[in-house]
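Descriptive structure summary
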Amino acid sequence: MRSSLKQLLTVAFGLFVVFFAIPTLAQNHSDTTAEQHKEVAHKSEGEFNVAETILEHIKDDYSWHLFGHTSVSLPVILYTDKGLDIFSSKNLLDEHHEPVVYNSKYSYKLFEGKLKVAKADGTLDEENTAKIWDFSITKNVASLFISVIILLVVFISVGKAYNKRGVTSAPKGLQSFIEPVIVFIRDGVAKPAIGSHYGKFMPFLLTIFFLILINNFLGLIPFMPGGANLSGNIAFTMILAVFVFIVVNFNGNKHYWQHIFWMPGMHWSMKLFLAPIELVGVFVKPISLMIRLFANITAGHVLVLSLICLIFIFKTAYASAIAVPFAVFISLIECLVAFLQAYIFTMLSAMYIGMATVEHHHEDHH
Amino acid sequence: MYFLELDPLVTPSIGLLFWSTVAFLVLFFVLRKMAWKPILNSITEREQGIEDALSRADKLKADMSKMASENEALMQKAREERAVMIKEAKEASDKMIAEAKEKAKGEYDRIVGDAQQAISQQKNAALTEVKNQVGALVIEVSEKILRRELSNKEEQEKYIKELAQSVALN
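As the structure is a computational prediction, the values presented were derived from the model and not from experiment.

Residue and element names in this part refer to chain A. Contact geometry for helix 6 (residues 174–194) and helix 7 (residues 202–220): axes closest at 11 Å, N-to-C directions at 125 degrees. Put simply, helix 6 runs oblique to helix 7. Relative to helix 7, helix 6 is oriented so that their crossing is right-handed. Along the contact surface, helix 6 presents Val181, Ile182, Ile185, Arg186, Ala190 and Ile194, while helix 7 presents Met202, Leu205, Leu206, Phe209 and Phe210. Taken together, the residues of the contact of helix 6 with helix 7 break down into 10 nonpolar, no polar and one charged.

Quick look at the structure:
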């Protein structure tokens, strides 16, 4: 247990150091973007809305903001009852970044950041909105693709390194950076949580661990290719939780189901009482995974943005003397949280799998 | 209405759900084949190799120490045997010497006895001969004396003296 804690700290510290430079960059960027918001706010309404600014930064978007008024337009893909509709997201905004109606198979317009169908007079058309399915490559989807490409490049090259260099030579370069993390997941997470048959679940655990980890860190980088709050998005965490749910319940053995529906070693009335609770637990476990990751990552982003917003609340540059060091400090903690949440998600997934697949010996347990 | 303001935050969008599923499945199946299996197999294989090497080394060490102790025992046994052999040889030689001495002494005794016997025999023989010669001489002398006595008394005495002298010379 001690050695695994040590490994955990080593890995956390290593990653910590790697991403040390980022919070500083984050500050510069946040400053500039926030200033722009200030300008915009002064121009348009003369009022700085903190909640709106923060929500704008953490929610999904159809374009990827780079700097100033420059942003990358992303493809909008809509599946409608009139067929696929694909166009660039730059059509949805005018030069003042105000939503405009774009006419294609339907008339599309952004309503509070969401693409919907507009009527001829520019108001929301609920009826037709229900007919379109939005599969757009949004900022989060693009960020997801970037993270997937990074993971594929890194891990396929590492996998090749093992094939090429054989097992007799010591790991080198990227290989030696990745191997301790993989061994940590195996020895610190999978083995103690699942037991002797952990091997079957290792690919799944490693995939979710590294996918969450890289997206947590990409989320901390304030500019492209980071900046998207993917692991703080409920859709992303929901899909991960759904896969955990599927893996756990498809691998659950008869003891697992017996413990849910007819708890052994109990009075029949207790069994009846426990069955619905256990059944709810089956769903609550992945839901707790979903909410934990979403809430932790989003909360971290909100905290950093709130601290930066202090400057605009007090309307003085001197506030940055307090706000920036605090934001740096929180960003450093976020680096730790980024690792920790990936670890916790993987650890709990492994424990749920372990609970569902363990070979029970009733005389030992009850 | 406040809840609706937070709506985008807690409402999953179909697009991201779809792309997340696709991305996760692609990532999972590609990495499982191209990365996790070779990496995990290699790590396991290496660990197994190290473990084997260590256990082999341990076994070798144990064998070596066993061999060393066996050697030591063998040496000890050899030393004991040598001591026994030396002791036995010494005993045998001592016994041989003692026997030889004994035999020599017996021989000596026998030779001395024989010699003494021979000496005493010869002495007896010599004495007998002396006695015989003395007897013969006495007879001879007595004869001569008797003859002279019969002729001359003076001459007789002189002759006895002569005889006596000749006897003494003999």
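There is more to say after this.
All right, on to the interface of chain B and chain A then. Bring the parts together and some accessible area is lost; that lost area is often taken as the interface size. Taken together, the contacts link 35 residues of chain B with 49 residues of chain A. Applying the counting criterion to the chain B and chain A interface returns two salt bridges. Two residues, Arg186 of chain A and Glu47 of chain B, come together in a salt bridge whose shortest N-O distance is 2.8 Å. Where chain B meets chain A, there are five residue pairs in polar contact (both at pLDDT 80 or more). Elements supplying a minimum of two residues to the side of chain B that touches chain A: helix 2 (7–10) and helix 3 (14–149) of chain B. If you tally residues by element for the side of chain B that touches chain A, the top one is helix 3 of chain B, at 28 residues. Here the residues of the side of chain B that touches chain A are counted per class, giving 23 nonpolar, seven polar and five charged.

Residues and elements named next belong to chain A. One open sheet accounts for three strands, arranged 5-6-7; its pairing is antiparallel. Both edges of this open sheet fall to strand 5 (102–103) and strand 7 (114–117), since each of them pairs with a single strand only. With four bridges joining them, strand 6 (residues 107–111) and strand 7 adopt antiparallel strand pairing. Each residue of the ladder has a partner; that of Phe111, found in strand 7, is Lys114.

What follows concerns a negative patch on the surface. A surface patch of like charges, here negative, comprises Glu52, Glu56, Asp61 and Glu112 of chain A. With respect to the helices and strands, Glu52 of chain A occurs in helix 3 (residues 50–58).

Quick look at the pattern of salt bridges now. Per the counting criterion, the structure on display carries seven salt bridges over all chains. The partner of Glu179 of chain A in a salt bridge is Arg46 of chain B, with the nearest N and O atoms 3.0 Å apart. One end of the pair, Glu179 of chain A, is in helix 6; the other, Arg46 of chain B, is in helix 3, on a second chain. Taken individually, Glu179 of chain A and Arg46 of chain B each receive the classification buried, so the pair is uniform in this respect.

Let's shift gears to the packing of aromatic side chains. All told, the structure shown has 21 aromatic pairs over all chains when counted by the stated rule. For the pair Tyr106 of chain A and Tyr108 of chain A, a centre-to-centre distance of 6.5 Å together with 65 degrees between the ring planes defines the contact as edge-to-face. The exposure class of Tyr108 of chain A is buried, given its relative accessible area of 0%. The interplanar angle of 90 degrees and the centroid separation of 5.4 Å between the aromatic rings of Phe145 of chain A and Trp19 of chain B together place this pair among those described as edge-to-face. On the criterion of chain membership, the pair formed by Phe145 of chain A in helix 5 (residues 139–165) and Trp19 of chain B in helix 3 is interchain, its members lying in two chains. Its relative accessible area of 27% is what places Phe145 of chain A among the partly exposed residues. On the basis of relative accessibility, which here comes to 17%, the residue Trp19 of chain B falls in the buried class. Joined through ring pairs, the aromatic side chains of Phe155, Phe184, Phe209, Phe210, Phe339 and Tyr343 of chain A together with Trp36 of chain B make up one cluster.

Here we come to the sheet that holds strand 3 (residues 75–80) of chain A. All names here are of chain A. The antiparallel open sheet is built from three strands, whose spatial order is 4-3-8. Lying at the two open borders of the sheet, with one neighbouring strand each, are strand 4 (83–88) and strand 8 (133–134). As defined by bridge partners, strand 3 adjoins strand 8 across two bridges and the pair is classed as antiparallel. The residue of strand 8 that forms the bridge with Tyr79 is Trp133.

It is worth spelling out the nonpolar core at this point. Formed by 82 residues in total, the largest nonpolar core has its most connected members in Ile182, Phe204, Phe209, Phe210 and Leu240 of chain A. Going through the elements one at a time, helix 5, helix 6, helix 7, helix 8 (234–251), helix 9 (254–261), helix 10 (268–314) and helix 11 (320–357) of chain A together with helix 3 of chain B are the ones with two or more residues in this core. Excluding its chain neighbours within four sequence positions, the residues that come into contact with Phe210 of chain A are Leu151, Phe155, Val181 and Ile182 of chain A together with Trp36 of chain B. Counting 19 residues, the second largest nonpolar core, distinct from the first, contains Ala241, Leu307, Ile308 and Ala327 of chain A.

Summing up the model confidence of chain A, the mean pLDDT is 81 and the portion of residues at 70 or higher is 85%. This model gives residues 13–45 of chain A a pLDDT under 50, and the stretch forms 47 contacts once residues within four places in sequence are excluded.

Right, let's get into the pairing of strand 4 of chain A. All names here are of chain A. Sheet analysis places strand 3 next to strand 4, joined by six bridges and oriented antiparallel. For Val76, the partnering residue across the bridge sits in strand 4 and is Phe87. Here strand 3 hands over to strand 4 after two residues, the two strands then running antiparallel side by side.

Okay, the pairing of strand 1 (residues 63–67) of chain A next. Residue and element names in this part refer to chain A. Summarising the sheet, strand 1 and strand 2 (residues 70–73) pair through four bridges and their orientation is antiparallel. Paired with Ser63 across the bridge in strand 2 is Ser73. The antiparallel pairing of strand 1 with strand 2 creates a hairpin that spans two residues between the two strands, and Gly68 there sits at a positive phi of about 55 degrees.

About the cut-offs
- Residues numbered from 1 in each chain as written.
- Chains lettered and ligands numbered in written order.
- Predicted model: local features only at pLDDT ≥ 70, side-chain atom pairs only at ≥ 80, totals over all residues.
- Heavy atoms only, no water.
- Axes fitted to C-alpha atoms, helices over the stretch in contact; angles between N-to-C directions.
- Helix = DSSP H or I, 4+ residues; strand = E, 2+ residues; numbered from the N terminus.
- Parallel < 35°, antiparallel > 145°, perpendicular 65-115°, else oblique.
- Left-handed = near helix turned anticlockwise from the far one by under 90°.
- Contact = heavy atoms within 4.5 Å.
- Nonpolar A, V, L, I, M, F, W, Y, C, P; charged D, E, K, R; others polar.
- Salt bridge = Lys/Arg side-chain N within 4 Å of Asp/Glu carboxyl O.
- Polar contact = N/O pair within 3.5 Å; in protein donor to acceptor, adjacent residues only side chain to side chain.
- Pairing = 2+ DSSP bridges.
- Patch = residues over 30% accessible without salt bridge, like charges linked within 9 Å, V, L, I, M, F, W, Y side chains within 5 Å.
- Areas by Shrake-Rupley, 256 points an atom, 1.4 Å probe, with all protein chains shown as cover.
- Lys, Arg positive; Asp, Glu negative; His and termini not counted.
- Charge placed at Lys NZ, Arg CZ, Asp CG, Glu CD.
- Buried < 20%, exposed > 50% of the residue type's maximum accessible area, 1.4 Å probe, protein only.
- Phe/Tyr/Trp six-rings, centres within 6.5 Å; stacked < 30°, edge-to-face > 60°.
- Core = buried A, V, L, I, M, F, W, Y, C linked by side-chain atoms within 4.5 Å.
- pLDDT = per-residue confidence, 0-100.

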